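Close look at the chain arrangement
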Amino acid sequence: MLESCKTAKERWGGVHGLIDRWLNERQELLVLYCAIKGLKPYSPRETPLSIKVQAFCQVMMDYCSAGHFEVYEQLRLEAQEFNDGGLDLAKKHYPRLEAITVQCVEFNDSYDTAEHCLEKMTDLNNDLSKLGELLEERFLLEDELIETLHNVHKAVSYTHLTLPTI
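Residues numbered from 1 in each chain as written. Predicted model: local features only at pLDDT ≥ 70, side-chain atom pairs only at ≥ 80, totals over all residues. Heavy atoms only, no water.

A few words on the overall build of the protein chain. Regarding its fold elements, the protein chain presents six helices and zero strands. Written out in order from the N terminus, the α and β elements of the protein chain read α-α-α-α-α-α. Residues counted as buried form 42% of the 166 residues belonging to the protein chain. In the protein chain, once contacts between residues fewer than 6 apart in sequence are set aside, the share between residues at least 24 apart is 76%. Element-wise, carbon and sulfur atoms account for 53% of the exposed surface of the protein chain, whose accessible area totals about 9000 Å². (Helix = DSSP H or I, 4+ residues; strand = E, 2+ residues; numbered from the N terminus. Buried < 20%, exposed > 50% of the residue type's maximum accessible area, 1.4 Å probe, protein only. Contact = heavy atoms within 4.5 Å. Areas by Shrake-Rupley, 256 points an atom, 1.4 Å probe, with all protein chains shown as cover.)

Before going further, it helps to examine helix H4 (residues 86–111). With 26 residues, H4 extends 36 Å from end C-alpha to end C-alpha; this agrees with the ideal 38 Å at 1.5 Å per step. Along its length, H4 reaches its greatest deviation from straightness, about 30 degrees, at His93, and the proline Pro95 lies no more than four positions downstream. Taken residue by residue, H4 has Gly86, Leu89, Ala90, His93, Tyr94, Leu97, Ile100, Thr101, Cys104, Phe107, Asn108 and Tyr111 as its buried positions. (Expected span 1.5 Å × (residues − 1). Bend = angle between axes of the 7 residues up to and from the residue.)

Attention now goes to helix H3 (residues 49–82). Across its 34 residues, H3 extends 46 Å between first and last C-alpha, which sits within 8% of the 50 Å expected from 1.5 Å per residue. The largest bend in H3 comes to about 45 degrees, at Gly67. Where H3 ends, the next residue or the one after it, Asn83, has phi of about 45 degrees, a positive value.

This brings us to the side chain of Ser50. Within the secondary structure, Ser50 sits in helix H3. Excluding its chain neighbours within four sequence positions, the residues that come into contact with Ser50 are Ala114 and Cys117.

Relative orientation of the contacting elements helix H2 (residues 17–36) and H3 amounts to 155 degrees, with a least axis distance of 9 Å. Viewed along their axes, H2 and H3 adopt a mutual orientation that is roughly antiparallel. When the axes of H2 and H3 are compared, the crossing they make is left-handed. Looking at the contact of H2 with H3 residue by residue, the class counts come to 18 nonpolar, two polar and six charged. (Axes fitted to C-alpha atoms, helices over the stretch in contact; angles between N-to-C directions. Parallel < 35°, antiparallel > 145°, perpendicular 65-115°, else oblique. Left-handed = near helix turned anticlockwise from the far one by under 90°. Nonpolar A, V, L, I, M, F, W, Y, C, P; charged D, E, K, R; others polar.)

Tracing the backbone through its elements, the reader meets Asn108 in helix H4. What makes Asn108 buried here is its relative accessible area of 12%.

For any two helices packed against each other, the geometry comes down to the angle between their axes and how far apart the axes lie. Where H3 meets H4, the closest approach of the two axes is 10 Å, and the angle between their N-to-C directions is 165 degrees. As far as their axial angle goes, H4 and H3 are roughly antiparallel. Classified by chirality, the crossing of H4 by H3 is left-handed. Considered class by class, the residues forming the contact of H3 with H4 number 16 nonpolar, six polar and two charged.

Turning our eyes to something else, we now look at the pattern of salt bridges. In this structure the tally under the stated criterion is seven salt bridges. A salt bridge links Arg76 to Glu73, with the shortest nitrogen-to-oxygen separation between them at 2.6 Å. Separated by three residues within a single helix, Arg76 and Glu73 lie in helix H3, roughly one turn from each other. Judged by its relative accessible area of 27%, Arg76 is partly exposed. For Asp123, the salt bridge identified is with Lys120, shortest N-O distance 3.5 Å. Classification of Asp123 as partly exposed rests on a relative accessible area of 34%. Residue Lys120 is classed as partly exposed on the basis of its relative accessible area of 24%. (Salt bridge = Lys/Arg side-chain N within 4 Å of Asp/Glu carboxyl O.)

A separate point is the confidence of the model for the protein chain. For any part of a model where pLDDT is low, the fine detail of the predicted coordinates should not be relied upon. Confidence in the prediction for the protein chain averages 81 pLDDT; 74% of positions are at 70 or higher. By mean pLDDT, helix H1 (residues 2–12) is the weakest element of the protein chain at 56, and H4 is the strongest at 94. Counting contacts from residues 157–164, a segment whose pLDDT is below 50, to residues more than four positions away or on other chains yields 14 contacts. (pLDDT = per-residue confidence, 0-100.)

Structure below.
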């Protein structure tokens, strides 16, 4: 999963500052995911697992929010402006991306506080495995959206578009 994140960043990193920042956030999300996957709940020399899980949840929610409220909207506007089939792909993928976001929010709600983490600690590895599969699917769908728009529009200069910056 981490390798595919690097590949996506290399392929589309320069296309747009918004996507750059989003792919960096994706990489941070994956690093945190890997940092907590398989760790033991208590280790005297390390940061408590609950704090790592909470940090992961925060980055995951930021990533999901940026996707839905910034990047997906920008991709939709770009597809609409070029009107060359990108909207069809977006309509196909957005419902599944929405469903995955709901499951990410449910994970967050289950683990977003130290108390929640302690209550659900025995379920954490299983829940992380399921979430990892969902995130991998999400990244594939997002990459397809980016790749399709990028490949279709690669001959067009993005400088003429009026894209909002964050």
